[in-house]
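Secondary and tertiary structure notes
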Amino acid sequence: MSEFTQNMRALRPLWRGLPLVALTTGLSLTAAWQYLRYATPLYESTSKIKLADVNEGPINTTLIKNLDAFSGDNRTSAEVELVRSPLLLGRALDRLPFDLSTYRVGKVRTSELYRASPVLATVQLRNPKWAEETFDMHVDAAGGVRLKAPSGELAEGRLGQTLHLTGADVHLERNDSLLTRRPDLSVADHYQLVQHDRSQLIDAVVSRLDVTSTDRNVPVLRISYQSTVPQKAADLVNALSEVYLQDYLATKYRVVNSAAESIGEQLKTVRRTLAHSEDTVERYRDRKRIVNIKQETDTDLHKVAELKIQRANLQMSLAAANDLYRYMSAGKRSALDLAPNFEAFNDMLSTDIVKKIKDLQAERHDLLLRFTPEDDKVKSVDMKLADLNGYLLESIRNTRNNLIVKSHELDRAIGQAEGVFVGLPTREKNLSILQRDFQLNEKLYTFLREKETEAEIAKASPTSYHRIIAQGVVPVEPATPRRTFVLILSGFLGALAGVALVYLLSVVRSTPGDAHDVQKETRTPLAAIIPHLEGGLSGQLAFFTQLATKLALKGMLNPGTKLVVSAFTEREGQRFFFENLRAALVAQGLKLRALSIQDAQSPNPAAQPDEILLVQNLPLDQDSLALAVMRGAAVNLFVIDGLRTPTPRLAELELLTQEFNLPDVQLCLNHAGYSPGPLRLLAQRLRRRFAGSRAAQPVATPLAMPLAGLDLQA
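Let me sum up the structure you'll find in this document.

What counts and how
Residues numbered from 1 in each chain as written. Predicted model: local features only at pLDDT ≥ 70, side-chain atom pairs only at ≥ 80, totals over all residues. Heavy atoms only, no water. Salt bridge = Lys/Arg side-chain N within 4 Å of Asp/Glu carboxyl O. Helix = DSSP H or I, 4+ residues; strand = E, 2+ residues; numbered from the N terminus. Axes fitted to C-alpha atoms, helices over the stretch in contact; angles between N-to-C directions. Parallel < 35°, antiparallel > 145°, perpendicular 65-115°, else oblique. Left-handed = near helix turned anticlockwise from the far one by under 90°. Contact = heavy atoms within 4.5 Å. Nonpolar A, V, L, I, M, F, W, Y, C, P; charged D, E, K, R; others polar. Buried < 20%, exposed > 50% of the residue type's maximum accessible area, 1.4 Å probe, protein only. Pairing = 2+ DSSP bridges. Right-handed = clockwise from strand over helix to strand, strands pointing away. Patch = residues over 30% accessible without salt bridge, like charges linked within 9 Å, V, L, I, M, F, W, Y side chains within 5 Å. Areas by Shrake-Rupley, 256 points an atom, 1.4 Å probe, with all protein chains shown as cover. Lys, Arg positive; Asp, Glu negative; His and termini not counted. Charge placed at Lys NZ, Arg CZ, Asp CG, Glu CD.

**A look at the pattern of salt bridges**
Across all of its chains, the model carries 24 salt bridges by this definition. The salt bridge involving Arg 104 is made with Asp 189; its shortest N-O contact spans 2.4 Å. Taken together, the positions of Arg 104 in strand β2 (residues 100-105) and Asp 189 in strand β10 (residues 189-195) put the pair 85 residues apart, joining distant regions of the chain. Arg 364 is the salt-bridge partner of Asp 382, the closest N and O atoms lying 2.2 Å from each other. One end of the pair, Asp 382, is in helix α11 (residues 376-419); the other, Arg 364, is in helix α10 (residues 348-370), and 18 residues separate them in sequence. Each of the salt bridges in this network shares a partner with another, and the network as a whole consists of Asp 94, Asp 99 and Arg 198.

Written out as structure tokens, the structure is:
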């Protein structure tokens, strides 16, 4: 079976049940229309507030960022709760006439008047139990008032007077401004007054108030309120938006003023602390003689290095002088033969003395060539050489002593220079601590001075950077109920209920629509599948002629065969099948005897060897004799209707066949695959109802004479 065929089989009950679906849809739409007619509509008004940007205007200061309770990047959730808070709602309600509700009582509906009431009322409650209770009021055309309290107490008066009750005083007067604008408005009517308790009123407002953020990344608040009166919804969102802005501005400047005062007090303390830090640093520098400790340290280090270099040079000169002195002292008897190293004595005097000594030595050598050592001239030269050698030795000794003294002086100078570094880390640490305290106090002082300036700037700009970007307008169309949505939804639900009911009924009253359903429900073989025949008598005869040929090929029309045509009821096409099959057999020239059993007294003969006996049996639901007739048949053709035979009866037929051992029972499916539309079914039912009788169908003449006691179908 193709997929298309399966889909069509699934949709067949829906096609036949379209009238039921249409009925349920119509009923659902009717109920929705009545609901919309009498339901109280709710109107919604919306306003939008753009929250202040921290990078905008004078609010963009470090003071506001740190101290303003309304600043911060992720503050939208807190703002939502603030708008919904009883604090702001109470301030908004103080501006609106919500505490007293006036209603006009009609025959079908009671509607709130709000600002459209022709009667202005003021209620002063002395009994708190009368809050949220109804005062019933009747006003006549002459201005007379009859007021009934919640306790049942009555008071009468006129408009413009104050009616005194045990628990309240009610003042009533005409709304002349409204009546001037609307002269057609009648004052005489039935009214109801309700004085609300403020806490309960706030709870009722919150239940219909919706405050959300349009987007988590966009700081915009959306304030929506629903009310039965359009003007009331717009008034509340606008009043709440204005109260929110005023509260923000008041809170902002209260924070700024408080911060400015606190900063001023802190500045006095910090100024004194800073002055003390400055004095402490100054005294420490004076006491320790510190100008610039880093520069002084570098200078002292450089001085010590130079002194040490001088000491090293001096020590080298002293070592050379000591060597020379020891050398000269050891060889003073033969000083003229010595060749001392005068590297350490390179001054002009020493050089001149050495030069004179060398000249005298040369002169002595020359004199010794002519004179003896005892000669006066030689002795004179020797005396001069001895004087010069002694002078030179004494000079070396004095020089050495001088170098020793200088060495001691350099050691002392180096010791004094290095003594400067004793306690230097402690001085640096103490100075760093004092300077750090001074810098901290200086930064704090600078910071507070900046905050003081910012506070003065913020105080000088009395502007709220929260802005109302959309005012609440008076709505024209109600938010709930949504007429189009309710009608569409009710129509859809009605159609869905109709479809569900159709398929439920198709399950409860299921019929074997085609051969597939029959084979699925029973093991009884299917001998004939008869579609809905609309081709007239000729078309019916042609179809049944083909059916007779198929039955003959199956061996059901052999001479001496008794064929019994049975059914559960008369409405399943048993008579139609019997008469058309008889006509087809006659048209084929077979020897046929056809008879119809009418009641229990009708005989049940057997077939003659040279003939075919075709019997129309009683319906099984009419008489149990039908089972006896089927028991005596050679072939039982059981007619079922695809539109009328309940599916469970197929299993019942199978049980009867097994219980009574009925021979060769085969099914003949009438109206196979026939699924007429709802209009056609309706037309057929109307035709059957208004038609007096069904037109008789012409049948062929039997080939055999009727037997006694049998009704021959001629």
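Having seen the model, we can carry on.
**Focus: the packing of helix α5 (residues 86-94) against helix α8 (residues 230-288)**
Taken N-terminus to C-terminus, the directions of α5 and α8 make an angle of 120°; their axes are 9 Å apart at the nearest point. By the angle class used here, α5 and α8 are oblique. Once α5 is placed against α8, the crossing between them reads as right-handed. Contacts between α5 and α8 involve Leu 88, Leu 89, Arg 91, Ala 92 and Leu 93 on the former and, on the latter, Leu 236, Ala 239, Leu 240, Val 243, Tyr 244 and Asp 247. Among the residues forming the contact of α5 with α8, the class breakdown is 9 nonpolar, no polar and 2 charged.

**A closer look at the environment of Gln 161**
Structurally, Gln 161 is set in the loop between β7 (154-158) and β8 (162-164). Separated by 12 residues in the primary sequence, Gln 161 and Glu 173 have C-alpha atoms spaced 7.2 Å apart. If near-sequence neighbours (up to four positions away) are discounted, Gln 161 is found in contact with Val 170, His 171 and Leu 172.

**Brief notes about the pairing of strand β19 (residues 665-670)**
β19 sits mainly inside the fold: 6 of its 6 residues count as buried. Summarising the sheet, strand β18 (residues 635-641) and β19 pair through 6 bridges and their orientation is parallel. Paired with Ile 640 across the two strands is Leu 669, which belongs to β19. In this view, the connection linking β18 to its parallel neighbour β19 by way of helix α18 (residues 648-660) has right-handed handedness.

**Re the sheet that holds strand β12 (residues 218-227)**
Taken in spatial order, the 4 strands make up an open sheet running β11-β12-β1-β13, and their pairing is antiparallel. What marks the edges here is a single partner per strand, and that holds for β11 (209-215) and β13 (467-470). Averaged over all pairs of adjacent strands, the angle between their axes in this sheet comes to 30°, without regard to strand direction.

**Comments concerning a negative patch on the surface**
Together, Glu 278, Asp 279, Glu 282, Asp 286 and Glu 442 line one region of the surface with negative charge. The element contributing the most residues to the negative patch is α8, with 4 residues. Since its relative accessible area comes to 37%, Asp 279 is described here as partly exposed.

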